[in-house]
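# Survey of secondary and tertiary structure
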Amino acid sequence: MRTDAAATVAEDQLKTSTDRILSELEGLEGPLLPILHALQAEFGFVPQQAVPLISDRLNLGRAEVAGVISFYHDFRAAPAGRRVIRVCRAEACQSMGGTDLAQRLQDKLGIGWGETTPDGSVTLEAVYCLGLCACAPAVQVDGDLLGRADMDRIETILEGAAQ
Amino acid sequence: MKIYLPRDAAAKALGAESIAAAIQAEATQRGIDITLVRTGTRGMIWLEPLVEVEIDGIRHGFGPMLESDVPALFDDLAAHPRALGPVDELDWMKRQTRLTFARCGVIDPLSLDDYRAHGGLTGLRRALDMTGQQIVDEVKTSGLRGRGGAGFPTGIKWQTVHDADAPQKYIVCNADEGDSGTFADRMIMEGDPFTLIEGMAIAGLGVGATRGYVYLRSEYPDAIAVMTRAVDIARAAGVLGADVLGSGRAFDMEIRTGAGAYVCGEETSLLNSLEGKRGVVRAKPPLPALEGFLGRPTVVNNVISLATVPVIFEKGAQYYADFGLGRSRGTVTLQIAGNVKRGGLFETAFGITLDEAVNDLGGGTATGRPVMAVQVGGPLGAYLPVSKFDAPLGYEELDAKGGLLGHAGLVVFDDQADMLQMARFAMEFCAIESCGKCTPCRIGAVRGVETIDRIAQGDGAAIELLTDLCETMKEGSLCALGGFTPFPVMSALTHFPDAFARQKEAAE
């Protein structure tokens, strides 16, 4: 889980959505991860306020639910920037200059891993393998995957969306 | 005019979507009626996006395609600048033994009719006429071993679950393919999802499990989408459900998404995650085969292991076992990656050497510089120098060279790679991804980074400390994350001592 300051959502919206998600998924075997993914899809992050609602319905301790959320890299405590750039840091991408590409991106954006630019436009994340190891280095810009990525192509995508 | 183009994530990452749009636009403009079939990838990633056009029933390849190459597809094809000739005749394809990946890149992944027309469901139908024990025996005869890395005989695992007495048993597919340099799981799930579904159904029939889960990493959104859709299609067609192919026997399955934890590729931490807990490793025993998901007997197998089951039942166990080397039977799905000229997936009988894979098939480095090292088997695998390239790829054979076959991913590095930094990264990665349960991994990896930094600053005495730390991690860790991180570290230190000594001289 990210370490950004925790964000909140309006109480009535939180309750309505969380209740709906819980009713839909609580019958699954091992429902907690699907529930957390659904909350993040709904709000863009997993609101801490949802923890007591989940623990009541699933009959789990609040610490247990909070512990699960904090264990996984995917779950956010606050919304990401408008664009999310994920850069693969793993070995295959390193062999093709991924480390240098990551450094240039960090310099250009002025942020480090897991950080969002002050204007909220871009969040930069490290990812450990996108399965594009035969066309490294690999980058993901929102839903778009980039093989043999370079700064030009990343910038083209970012600009394309800004228009 | 029938045109094929992959929808695989790697093809998309190299521009397949814009090629698809350009083909449609060009056809519309010229008033030509086309059928554009989106397939998986053939695995020749350096040729992606690879367009195939059917001419007199034979598929001719064109790639790697740029948008500007699209109009010429509608002119004289023989004169096309990207023409490669018949795809099945290409050296890379001809030299393979495609058993698990026979359909990948050929069929429309979400067409059950296509799947059936290419031998799909034959294995499942055969299994439906067999007893559970006969199914388990067939897998034992095939010699199939876990393709996820550990190489445990699949049939023995199934036997344990088969023999266990429980009101509910499970088949869990480990699709948490987090190792760098590996993409075979992703490729088969995106390119031939029904083969995994069929394999899981056969496993269910074999051991008496009626429910299955695929634990699929969140970093693979395309695979998640294809698998989810394929499960729906299979259920609607009666392949899954309460009455599998009209047999009166039940098997159903769900796709579950991981949440970005590498350690969840370890089977016990995967089971905890699937249950909705922190992905912390469990001590063994009890074996997951006896007390797995929700404490029930559970088969946990890798994607490729399960996806290979249908072809074993279609062609017969002995047919499969006749391929291979020593105790490594059947085929290995090599993934040639990193700094390599021709990267991709190559399925062949066990026994091919590293040299042939890297230099012959892979064509050496992409940068054109000399090959310096290959990391075999993911972030927990050893870095092997060129002097070890005569190693044949098999579980025991690579072990004898101090390596680890793992999921059969090969990451190639040229002579510019900094092996001290690679060793440091192995420790850093272990520190980031450690589940925290055992001390050698949780603390050891952090100390490992610090110790390698000391070596980098010229403290030669720290090398002994690093060696000792690696020994502790290897012997004292609960799972392969802490236990195998010493492989890349120590292999870098052993085979590339200059990278560690040069730093010392620089400081002096």
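Fair warning: this is a prediction, and the values are worked out from it, not measured in the lab.

### So, the overall build of chain B
Helix and strand counts for chain B stand at 21 helices and 16 strands. In summary, chain B has a C-alpha radius of gyration of 23 Å against a globular reference of 23 Å for 508 residues, a match within 12%. Overall, chain B is about 75 × 60 × 40 Å in size when its C-alpha atoms are taken along their principal axes. Within chain B, the fraction of its 508 residues that count as buried is 61%. Residue pairs in contact within chain B that sit at least 24 positions apart in sequence constitute 70% of those at least 6 positions apart.

### Remarks on the nonpolar core
General note: in soluble globular proteins, nonpolar side chains tend to be found buried as a group. Counting residues in hydrophobic clusters, the biggest one holds 163 residues, and the most contacted among them are Ile54 and Tyr72 of chain A together with Trp158, Met189, Leu216 and Met419 of chain B. What Met189 of chain B contacts, discounting residues up to four positions off in sequence, is Ala175, Leu196, Leu216, Tyr220, Ala223, Val226, Met227 and Val303 of chain B. Listed in part, the 33 residues of the second largest apolar core include Leu50, Ile336, Ala357 and Val374 of chain B.

### Concerning the side chain of Ser121 of chain A
Residue and element names in this part refer to chain A. In this structure, Ser121 sits in the loop between strand E2 (115-116) and strand E3 (122-127). Owing to a relative accessible area of 18%, Ser121 belongs among the buried residues under this scheme. Within the structure, Ser121 has its side chain in polar contact with the side chain of Asp119 (distance 2.8 Å). Leave out the neighbours within four places in its chain, and Ser121 touches Gly81, Arg82 and Arg83.

### Focus: the packing of aromatic side chains
Under the defined criterion, the tally for this structure stands at 16 aromatic pairs over all chains. With a centroid separation of 6.3 Å and an interplanar angle of 35°, the aromatic rings of Tyr128 of chain A and Phe425 of chain B are classed as tilted. Here the residue Tyr128 of chain A occupies a position in the loop between E3 and strand E4 (139-141), and Phe425 of chain B occupies one in helix H16 (residues 419-433), the pair thus bridging two chains. Residue Tyr128 of chain A is classed as buried on the basis of its relative accessible area, which comes to 13%. Looking at Phe425 of chain B, the relative accessible area reads 4%, which means it is buried. Put simply, the rings of Tyr128 of chain A together with Tyr262, Phe425 and Phe429 of chain B touch in pairs and so form one group of aromatic residues. One cation-aromatic arrangement involves Arg217 of chain B over Tyr220 of chain B; the distance from NZ or CZ to the ring centre is 4.7 Å.

### Overview of the sheet that holds strand E9 (residues 298-302) of chain B
Residue and element names in this part refer to chain B. Strand order in the open sheet made by the four strands is E8-E7-E6-E9, with parallel pairing throughout. Lying at the two open borders of the sheet, with one neighbouring strand each, are strand E8 (252-257) and E9. Taken pair by pair, the neighbouring strands of this sheet meet at an average axis angle of 20°, ignoring direction.

### A look at the domain arrangement of chain A
On domain assignment, one finds that chain A holds domain 1 (5-71) and domain 2 (83-162). The C-alpha-based centres of domain 1 of chain A and domain 2 of chain A are spaced at 30 Å.

### Considerations on the confidence of the model for chain A
Atomic detail in the predicted coordinates should be set aside for any region of low pLDDT. With 96% of its residues at a pLDDT of 70 or more, chain A has an overall mean of 93. Averaged pLDDT values over the elements of chain A bottom out at 81 in helix H7 (residues 151-162) of chain A and peak at 98 in helix H2 (residues 32-43) of chain A.

### Brief notes about the domain arrangement of chain B
Residues and elements named next belong to chain B. As far as domains go, chain B holds domain 1 (2-94), domain 2 (120-321), domain 3 (324-414) and domain 4 (419-507). Each of domain 3 and domain 4 has a C-alpha centre, and the two are 23 Å apart. If you look at the interface, domain 3 gives 13 residues, while domain 4 gives 13 residues. The contact between domain 3 and domain 4 buries some 1,100 Å² in all, and 81% of this surface belongs to carbon and sulfur atoms. When the area that domain 3 buries against domain 4 is broken down by residue, the three leading residues are Pro379, Leu380 and Tyr383, summing to 53%.

### Re the side chain of Asp414 of chain B
Residue and element names in this part refer to chain B. Here Asp414 shows up in strand E16 (residues 409-414). For the buried Asp414, which has no salt bridge, the nearest side chain bearing the opposite charge is Arg369, at an N-O separation of 4.6 Å. Reaching out from Asp414, the side chain makes a polar contact with the side chain of Thr367 at a distance of 2.7 Å. Once residues lying within four places of it in the same chain are set aside, the contact partners of Asp414 are Asn339, Thr365, Thr367, Arg369, Pro370, Val371 and Met372.

### Some details on the environment of Glu267 of chain B
Residue and element names in this part refer to chain B. Secondary-structure assignment places Glu267 in helix H11 (residues 267-274). Taking the C-alpha atoms as reference, Glu267 lies 31 Å from Ser247; in sequence the two are 20 residues apart. If we skip the residues at most four places from it in the chain, Glu267 touches Lys157, Lys284, Pro288 and Val300. Polar contacts involving the side chain of Glu267 include one to the side chain of Lys284, which spans 2.8 Å.

### Some words on the sheet that holds strand E14 (residues 371-376) of chain B
Residues and elements named next belong to chain B. Read from one edge to the other, the open sheet built from five strands follows the order E13-E12-E16-E14-E15, with strand pairing classed as mixed. The outermost strands of the open sheet, each flanked by one partner alone, are strand E13 (344-349) and strand E15 (383-385). In this sheet, neighbouring strand axes are inclined to one another by 30° on average, regardless of whether the strands run parallel or antiparallel. Taken together, the six bridges between strand E12 (residues 331-338) and E13 define a ladder with antiparallel strand orientation. Opposite Ile336, over in E13, you have Gly344 as the bridge partner. Lying on the sheet, helix H20 (residues 486-495) is in contact with E14 and E15; it crosses E15 at an angle near 25°.

Conventions adopted
Residues numbered from 1 in each chain as written. Chains lettered and ligands numbered in written order. Predicted model: local features only at pLDDT ≥ 70, side-chain atom pairs only at ≥ 80, totals over all residues. Heavy atoms only, no water. Helix = DSSP H or I, 4+ residues; strand = E, 2+ residues; numbered from the N terminus. Rg over C-alpha atoms; globule rule 2.2 N^0.38 Å. Buried < 20%, exposed > 50% of the residue type's maximum accessible area, 1.4 Å probe, protein only. Contact = heavy atoms within 4.5 Å. Core = buried A, V, L, I, M, F, W, Y, C linked by side-chain atoms within 4.5 Å. Polar contact = N/O pair within 3.5 Å; in protein donor to acceptor, adjacent residues only side chain to side chain. Phe/Tyr/Trp six-rings, centres within 6.5 Å; stacked < 30°, edge-to-face > 60°. Lys NZ or Arg CZ within 6 Å of the ring centre and 35° of its normal. Pairing = 2+ DSSP bridges. Axes fitted to C-alpha atoms, helices over the stretch in contact; angles between N-to-C directions. Domains from an automatic or database assignment. pLDDT = per-residue confidence, 0-100. Buried area = accessible area lost by both parts, 1.4 Å probe. Lys, Arg positive; Asp, Glu negative; His and termini not counted. Salt bridge = Lys/Arg side-chain N within 4 Å of Asp/Glu carboxyl O.

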